[in-house]
Amino acid sequence: MSVRTVNLGLQGGGAHGAFTWGVLDRLLEEPRLRIEGISGTSAGAMNAVMLASGWLQQGPEGARAQLARFWHQVSLHALPELSSVLPGDPSRQALAGWMLQLSQFLSPYDTNPLDLNPLRALVERLVDFGQLRSASPFNLFIAATDVQSGKIRLFRERELHAEHLLASACLPNLHQAIEIDGHSYWDGGFSGNPAIYPLIFDCDSEDILVVLLQPLLRVGTPLTAAAIQERISEFGFQSTFLREMRAISHIQHEVRRMPLSIGAFERRMRRLRLHLIETDELLADLGRVTKYDTRLHFLESLKNRGRQQAGRWLEQHFEAVGRESSCDLELFL
């Protein structure tokens, strides 16, 4: 049996990260696939750390169990007003939408002065960070955004604490900035969602599989105020990834025109292979408000759709791993 090694890039997207849970759940069942490094942002960072910490306990099955444990616990720690959003129920949609609009005018320093965050207790209870720092089975790159500079900050597995994970998932309209070593951090999605470059330069595998939670292309132009605002929000969390992919695509295009007697960087970029597991139609059509919907049956429905998408990718593109990119890089030029 031929084993193929990949690095994973996991996007953030709130509760939509349960789709990635499903993708990982299916990939972990595949004995022909090995994971070397994981770059994760926000919900993607949560999935990455849960996978790694579970793997330490019992390999792939431990990772699957830890991911399930995390998302089940998330469903128990939801804000009641937001967790009750029901697709198709206009009154519930309107209530949650109103709360999100309110957050544009009231700071979390006003609405949550004690900085209560149920995720803190959850990740501290589930993850042995000391063990993870000393014996992580994967290279981990957890992205957060430095509030003062706007630059991306990647936290590695050897330094991880709960605060680093919370920093990666800190939405500034809902939570106070996370303070680490004198710096303030917000959600990593503002600066890298996910960051691809560490998977190129700090890992050995030449295959990168990115799990997307936002579609690469939307048909039509938004016309309503709500639709316009939703698209603007997507740009904010997708633009850095698209720029990075455009740069990678452009560099690959150029180095393939060069002679073979080139440097290590050019050889690395020439051999780099990229793969995508994209959202399905249902996830692509869900509104921004559903990123706050943590009812268990909604999370499990996303998980099942993630499993299905991963199964399709394995069936259609697994043989490309180690040989060629399975996505069209012209999409990013």
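Counting restarts for each chain, with residues numbered from 1 along the sequence as it is written. Restriction of local features to residues with pLDDT of at least 70 applies here, the model being predicted, together with a cutoff of 80 or more for giving and counting side-chain atom pairs; totals for whole chains, interfaces and linings are based on all residues. Values shown for side chains rest on all heavy atoms present in the structure; no hydrogens or waters enter the calculation.

## A short note on the UniProt feature "active site" (unreviewed entry) in the protein chain
Argument step 1. UniProt positions are given in the numbering used here, feature names are shortened, and annotations may be inferred rather than shown by experiment. Within this structure's numbering, the places UniProt gives as "active site" (unreviewed entry) are Ser42 and Asp187. These annotated residues cover 146 residues of sequence, but their C-alpha atoms sit close together, with the largest distance between any two at 6.3 Å.
Argument step 2. In this description a helix means any DSSP run of H or I spanning at least four residues, a strand means any run of E spanning at least two, and both kinds are numbered starting from the N terminus. In this fold, Ser42 is placed in the loop between strand 2 (33-41) and helix 2 (43-74).
Argument step 3. Throughout this description, buried means an accessible area under 20% of the type-specific maximum (1.4 Å probe, protein chains only), exposed means over 50%, and partly exposed covers the range between. Taking relative accessible area as the criterion, Ser42 reaches 9% and is therefore assigned buried.
Argument step 4. The contact rule is simple, with two residues in contact once any of their heavy atoms fall within 4.5 Å. Among all residues touching Ser42, those that are not within four sequence positions of it are Gly12, Ser168, Ala169 and Asp187.
Argument step 5. Within the secondary structure layout, Asp187 lies in strand 6 (residues 183-187).
Argument step 6. Residue Asp187 is classed as buried on the basis of its relative accessible area, which comes to 2%.
Argument step 7. Beyond its immediate chain neighbours, meaning those up to four positions away, Asp187 contacts Thr41, Ser42, Thr145, Ala167, Ser168, Ala169, Cys170, Leu171 and Phe237.

## Some thoughts on the pairing of strand 7 (residues 207-211)
Argument step 1. With 5 of 5 residues buried, strand 7 is to be regarded as a mostly interior element.
Argument step 2. What you see with strand 7 is no split at all: Asp207, Leu209 and Val211 on one side and Ile208 and Val210 on the other are buried throughout.
Argument step 3. When DSSP finds two or more bridges between a pair of strands, those strands are recorded as paired. Pairing between strand 1 (residues 4-10) and strand 7: 4 bridges, direction parallel. Bridge pairing in strand 7 links Leu10 to Val211.
Argument step 4. One ladder, built from 5 bridges, connects strand 7 with strand 8 (residues 273-277); its direction is parallel.

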